[in-house]
Amino acid sequence: MTSTFLPSERTGPETGPPPPAPADRARGRARRRALNWLTATGFQLPALVLFIGLVLLPMLFALYAAFFRWGGFGMPSEYIGGENFTRLLQDEVFLGDLWRCLVLVVLSLALQLPFALAMAVLLNQRMRGRAVYRMLFFAPYVLSEAITGILFGMIFAPDDGFADQVLGGIGLEGLGGEWFADPSTVMATLFLVMMWKYFGFHMMLYLAGLQAVPKELTEAALIDGAGPWQRFRNVTLPLLAPTLRISVFLSVIGSIQLFDLVWVTTAGGPDHHSETMAVTMFQYGFKRYQVGYASAISVAMFAISLVFALAYQRFVLRRDLEGATTTMRGDGK
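Conventions used here
- Residues numbered from 1 in each chain as written.
- Predicted model: local features only at pLDDT ≥ 70, side-chain atom pairs only at ≥ 80, totals over all residues.
- Heavy atoms only, no water.
- Helix = DSSP H or I, 4+ residues; strand = E, 2+ residues; numbered from the N terminus.
- Buried < 20%, exposed > 50% of the residue type's maximum accessible area, 1.4 Å probe, protein only.
- Contact = heavy atoms within 4.5 Å.
- Areas by Shrake-Rupley, 256 points an atom, 1.4 Å probe, with all protein chains shown as cover.
- pLDDT = per-residue confidence, 0-100.
- Expected span 1.5 Å × (residues − 1).
- Bend = angle between axes of the 7 residues up to and from the residue.
- Axes fitted to C-alpha atoms, helices over the stretch in contact; angles between N-to-C directions.
- Parallel < 35°, antiparallel > 145°, perpendicular 65-115°, else oblique.
- Left-handed = near helix turned anticlockwise from the far one by under 90°.
- Nonpolar A, V, L, I, M, F, W, Y, C, P; charged D, E, K, R; others polar.
- Patch = residues over 30% accessible without salt bridge, like charges linked within 9 Å, V, L, I, M, F, W, Y side chains within 5 Å.
- Salt bridge = Lys/Arg side-chain N within 4 Å of Asp/Glu carboxyl O.
- Lys, Arg positive; Asp, Glu negative; His and termini not counted.
- Charge placed at Lys NZ, Arg CZ, Asp CG, Glu CD.
- Phe/Tyr/Trp six-rings, centres within 6.5 Å; stacked < 30°, edge-to-face > 60°.
- Polar contact = N/O pair within 3.5 Å; in protein donor to acceptor, adjacent residues only side chain to side chain.
- Core = buried A, V, L, I, M, F, W, Y, C linked by side-chain atoms within 4.5 Å.

So, on to the overall build of the chain. Of the regular secondary structure elements, the chain holds 13 helices and two strands. Considering the chain as a whole, with its 333 residues, one finds that 32% of them fall into the buried category. Looking at the chain alone, contacts between residues at least 24 apart form 65% of all its contacts between residues at least 6 apart. Summing over all exposed atoms, the chain offers an accessible surface of approximately 21600 Å²; the carbon and sulfur share of this is 66%.

Considering every residue of the chain, the mean pLDDT works out to 87; 89% of them sit at 70 or more. Helix H13 (residues 318-324) is the least confidently modelled element of the chain, averaging 67 in pLDDT, while strand E1 (residues 68-69) averages 96, the highest of any element. Under a pLDDT of 50 for its full length, residues 326-333 has, in the predicted model, zero contacts with residues more than four places off or in other chains.

What follows deals with helix H7 (residues 186-211). End to end, H7 covers 38 Å across 26 residues, agreeing with the expected 38 Å (1.5 Å per residue, within 8%). Considering bend angle alone, the principal kink of H7 is centred on Tyr198 and spans about 40°.

At a minimum axis separation of 10 Å, helix H3 (residues 92-123) and helix H9 (residues 228-256) run at an interaxial angle of 140°. By the angle between their axes, H3 is oblique relative to H9. Handedness of the crossing formed by H3 with H9: right-handed. Here Cys101, Leu104, Val105, Ser108, Leu109, Gln112, Leu113, Leu117 and Val121 of H3 come into contact with H9, specifically with Phe232, Leu237, Leu240, Leu244, Ser247, Val248, Ser251, Val252, Ser255 and Ile256. Considering only residue class, the contact of H3 with H9 consists of 14 nonpolar, five polar and no charged.

What follows deals with the environment of Glu173. With respect to the secondary-structure elements, Glu173 resides in the loop between helix H6 (162-169) and H7. For Glu173, a relative accessible area of 52% puts it in the exposed group. For Glu173 and Ala163, which are 10 residues apart along the polypeptide, the C-alpha to C-alpha distance reads 9.6 Å. The residues touching Glu173, leaving out its near neighbours within four places in the chain, are Leu167 and Gly168.

There is a patch of like positive charges on the surface, built from Arg25, Arg29, Arg31, Arg32 and Arg33. For Arg33, a relative accessible area of 54% corresponds to the exposed category.

This part covers the pattern of salt bridges. Taken as a whole and assessed by the stated rule, the structure comprises four salt bridges. Among the ionic pairs, Arg69 bridges to Glu83, the shortest N-O distance being 2.8 Å. Placement of the pair is Arg69 in strand E1 and Glu83 in helix H2 (residues 83-90), with a sequence separation of 14 residues. Salt bridges sharing common partners tie together Arg69, Glu78 and Glu83.

We now examine helix H11 (residues 277-287). Looking at H11, one finds that the buried residues are Met277, Ala278, Val279, Thr280, Gln283, Tyr284 and Gly285. Tucked into the core, H11 has its buried residues touching H2, H3, H9, helix H10 (260-265) and helix H12 (291-315). Taken from the residues just after H11, Tyr289 is the one with a positive phi, measuring 55°.

Applying the stated criterion to the full structure yields 24 aromatic pairs. When the centroid spacing of 5.1 Å and the interplanar angle of 50° are considered together, the rings of Phe115 and Phe199 count as tilted. Of this pair, Phe115 sits in helix H3 while Phe199 sits in helix H7, placing them 84 residues apart in sequence. Residue classification places Phe115 among the partly exposed residues on the basis of a relative accessible area of 36%. On the basis of relative accessibility, which here comes to 6%, the residue Phe199 falls in the buried class.

Along the chain, Arg100 falls in helix H3. Classification of Arg100 by relative accessible area gives buried; the value is 12%. Among the polar contacts listed, one links the side chain of Arg100 to the backbone oxygen of His272, at a separation of 3.1 Å. Sequence-distant contacts of Arg100, defined by excluding residues within four places in its chain, comprise Val93, Met187, His272, His273, Ser274 and Glu275.

What follows covers the nonpolar core. Membership of the largest hydrophobic core comes to 19 residues, with the highest contact counts inside it found for Leu104, Phe156, Phe180, Val193, Met194, Leu258 and Leu261. Of all the secondary-structure elements, those providing two or more residues to this core are H6, H7 and H10. The greatest single-element share of this core, amounting to eight residues, is contributed by H7. Every residue in contact with Phe156, bar those within four places of it in the chain, is listed here: Ala163, Glu178, Trp179, Phe180, Thr189 and Val193.

In structure tokens, the structure reads:
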């Protein structure tokens, strides 16, 4: 028996729809890119509006107001050019602010950060209650600057403060004093409060960096006969360097912009001996109603921070940024 095949019957495998043309594929990719762009813009738009309204526009207006003699009411109208900036260079209080800022930076780099590093290394070891110690040392950073200022204002109150009572109880009442009220001791007392408040933050940074150090390297150095100091100096410290550089950057910027803690504890006194640039700006802007001059101070603070940040990124963080930058390459097709 012979079978016949009708012309309409298919003898081969079924075939799907024809592939899209190159032009259709290009239009599809363009639509996907547009959709992705619109989606990303929709998520970023609220944050962008807040940034422009609460950060960028006030910065531009402060720069504009710095060229006027303005009391803060109405719109600036009395244009004086660069007189406010010339006044900055002749203002003994502002020049003193720069000197006090430098003192705080040096003390932070010389005392606060090494102490935080030492505590981080200690708490990175195996010991009982390690988590409790970490929590206790980090707790001051969680407190607000206002609470910290009020607390230490009571501790260092002259004569009847907790510090003077403790010193008197152990026979060292001669070491007590007026603390915040004495021009000769106010900066040292203020730095003690700053160190208590912020060293826990840097300690946690260092702890995170230490836990990222491969244990194999320290074990290899131990096998080679390296002692604890040699292992720390030659293995741990170089691997911790990126974290140290970030910590230094944050410490310097924080010292330049310090305000809350100083305002609550001393308000810049006595006689401007603990005043910072931010406190001076607040005094002129909201106490003396010289908003044009206060705007010039804010512009100077921003310029100092910007110059330091750019220089630090260019000369110190350059290797870290290069190491964090990856280049995406195709498959060569």
